[in-house]
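# What the coordinates show
Chain residues, written in single-letter form:
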Amino acid sequence: MRLPPLPTIKDILAIYRLHAIKRLSQNFLMDRNLTRKIVRAAGPMKDGYVCEVGPGPGGITRAILEQNVKQLCVVEKDARFMPSLEMLSEASDGRMRIYQADILRFDLTNIFPLEAKQDWFSDPPNIHIIGNLPFNVSTPLIIKWLEQISRKTAAWSYGRTGMTLTFQKEVAERMVAPMLHQQRTRLSVMCQSLCWVRHVFTIPGKAFVPKPDVDVAVVTFEPLKQKRIDLPFTLVEKVVRHVFHHRQKRCFYGVSTLFPHEERKELTDRMLKISGTSPETKPFQLHNSEFNSLCHAYNEICQEREDVFSYDYRSRMAVLQEKQYRKIRREMMSQVYGQTDNEGQQLNEDETDQLELMELLQDEYKIN
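Residues numbered from 1 in each chain as written. Predicted model: local features only at pLDDT ≥ 70, side-chain atom pairs only at ≥ 80, totals over all residues. Heavy atoms only, no water.

### Notes on helix 7 (residues 186-194)
When you tally the buried positions in helix 7, you get 8 out of 9 residues, the bulk of the element. Among the residues of helix 7, Leu187, Ser188, Val189, Met190, Cys191, Gln192, Ser193 and Leu194 are the ones counted as buried. In the core, the buried residues of helix 7 are packed alongside helix 5 (135-151), helix 6 (169-176), strand 7 (195-203), strand 9 (216-223), helix 8 (233-243) and helix 11 (288-304). (Buried < 20%, exposed > 50% of the residue type's maximum accessible area, 1.4 Å probe, protein only. Helix = DSSP H or I, 4+ residues; strand = E, 2+ residues; numbered from the N terminus. Contact = heavy atoms within 4.5 Å.)

Next up, the structure:
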């Protein structure tokens, strides 16, 4: 179905005196060829159902309606865009619904009809999520949606709903980064453990108004039939986040932050042994299958010790315990080494006795 003649996006901005707000990370895409290319990246959607996130003045919205979708829902936080979106809605012959809401708080559960639902292990439903995302919400939003994919809730209660979204090019490179790639991060593992992620193409920053400081990547997500790490999302996310906490150091350091000080070395060694992971490996060198082993090893320990999962090394209690632990460690070290000269080089005790005492202290206080 062709849309009736409408003002261009440039004219819309002038008519309604619209401008991008920097604190909302707004950038408008004016080129119709690029908006159509984004929509084509989502695949066939004739007679399908689409949710567009952050339509702004409606550039991508028009390209979606041109694909003869059965229903389009748009979610826009900024009230300034309501008049231009309502104009598109009137031209859509009843196919478009507008929700003024913050997408981070918006529930996608009931916006699609039950007739569109597909079994998770069959083909994906003819449902699509598309959006030129503001940079300031893109990462927290994709983490939220990945959790919903893991739980098969919201838009993913209808099946393996696909997404076509824009991100800063650097963020997109992290999402698709394979093992050994310097861009590999927590986001890489979380995305790849749940979806087939593809960096489809890059849009130069100069195509946007105003021009951002970075280029923009279009990324597609197709949920996997079987998760690569078949454990609760919160547990997987916690393990992956901690492992990458010391990204350029051995993974031993990141894993150790999962456990309280008094048992840190013992439980860290045990988790690495169960998973078969070398403590010398750096996080970006770990394969997705190795993260799977680490998560299952951590889950095994949590099953035995309910207090382990609730431990947070950043909590006030943990910080106070760490300070106390370091104080005790300093006192014990001073007992081992005694008084030193100004350069801290000359020890007062016999070296053999010192080493023996240090070994005893390491066993008692788990000093790394």
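### Considerations on the sheet that holds strand 4 (residues 96-100)
Across the sheet, 7 strands lie side by side as 4-3-2-5-6-9-7; this open sheet has mixed pairing. Across the chains shown, the open sheet's two edge strands, defined by having one partner strand only, are strand 4 and strand 7. Ignoring strand direction, the axes of neighbouring strands in this sheet form an average angle of 20°. For strand 2 (residues 49-53) and strand 5 (residues 127-131), the ladder comprises 5 bridges, and the chain directions are parallel. Residue valine 50 lies in a different strand from strand 5, and its bridge partner there is histidine 128. (Pairing = 2+ DSSP bridges. Axes fitted to C-alpha atoms, helices over the stretch in contact; angles between N-to-C directions.)

### Brief notes about the layout of surface pockets
Of the pockets and cavities examined, the largest pocket occupies roughly 490 Å³. Contributing to the lining of the largest pocket are 32 residues, with Gln26, Gly54, Glu76, Asn132 and Pro134 lying nearest its centre. Per-element accounting of the lining of the largest pocket gives the leading share, 3 residues, to helix 5. (1 Å grid on protein atoms, 1.4 Å probe; cavity = no way out; pocket = protein on both sides within 12 Å on 5 of 7 lines; lining within 4 Å. Points joined across faces, edges and corners; volume = space filled by probe spheres on them.)

### Observations regarding empty space enclosed by the protein
Enumeration according to the criterion identifies 1 cavity of 30 Å³ or more in this entry. In this structure, the largest cavity occupies an estimated 40 Å³ of space. Lining the largest cavity are Ser150, Met190, Ser193, Leu194, Lys227, Ile229, Leu231, Phe233 and Val236. Per-element accounting of the lining of the largest cavity gives the leading share, 3 residues, to helix 7. Its residues assigned to classes, the lining of the largest cavity comprises 6 nonpolar, 2 polar and 1 charged. (Nonpolar A, V, L, I, M, F, W, Y, C, P; charged D, E, K, R; others polar.)

### A word on the nonpolar core
Ile129, Ile142, Trp145, Leu146, Met175, Phe221 and Met271 are the most contacted members of the largest nonpolar core, which has 67 residues in total. Top contributing element to this core by residue count: helix 11, with 7 residues. Non-local contacts of methionine 175, meaning those with residues more than four positions away in its chain, are made with Ile142, Phe167, Leu187, Ser188, Cys191, Gln192, Val197, Val219 and Phe221. Counting 33 residues, the second largest nonpolar core, distinct from the first, contains Ala41, Met45, Ile64 and Val218. (Core = buried A, V, L, I, M, F, W, Y, C linked by side-chain atoms within 4.5 Å.)

### Topic: the pattern of salt bridges
Tallied over the entire structure, the rule returns 16 salt bridges. Arginine 151 is paired through a salt bridge with glutamate 147; the nearest N and O atoms lie 2.8 Å apart. Of this pair, arginine 151 and glutamate 147 both sit in helix 5, 4 residues apart, which is roughly one turn of that helix. For glutamate 147, a relative accessible area of 22% corresponds to the partly exposed category. Of the charged contacts in the structure, one is a salt bridge between glutamate 300 and arginine 270, with a shortest N-O distance of 3.9 Å. Remark: arginine 270 occurs in helix 10 (residues 264-275) and glutamate 300 occurs in helix 11; sequence separation between them is 30 residues. A single salt-bridge network, built from bridges that share partners, covers Arg32, Arg36 and Glu66. (Salt bridge = Lys/Arg side-chain N within 4 Å of Asp/Glu carboxyl O.)

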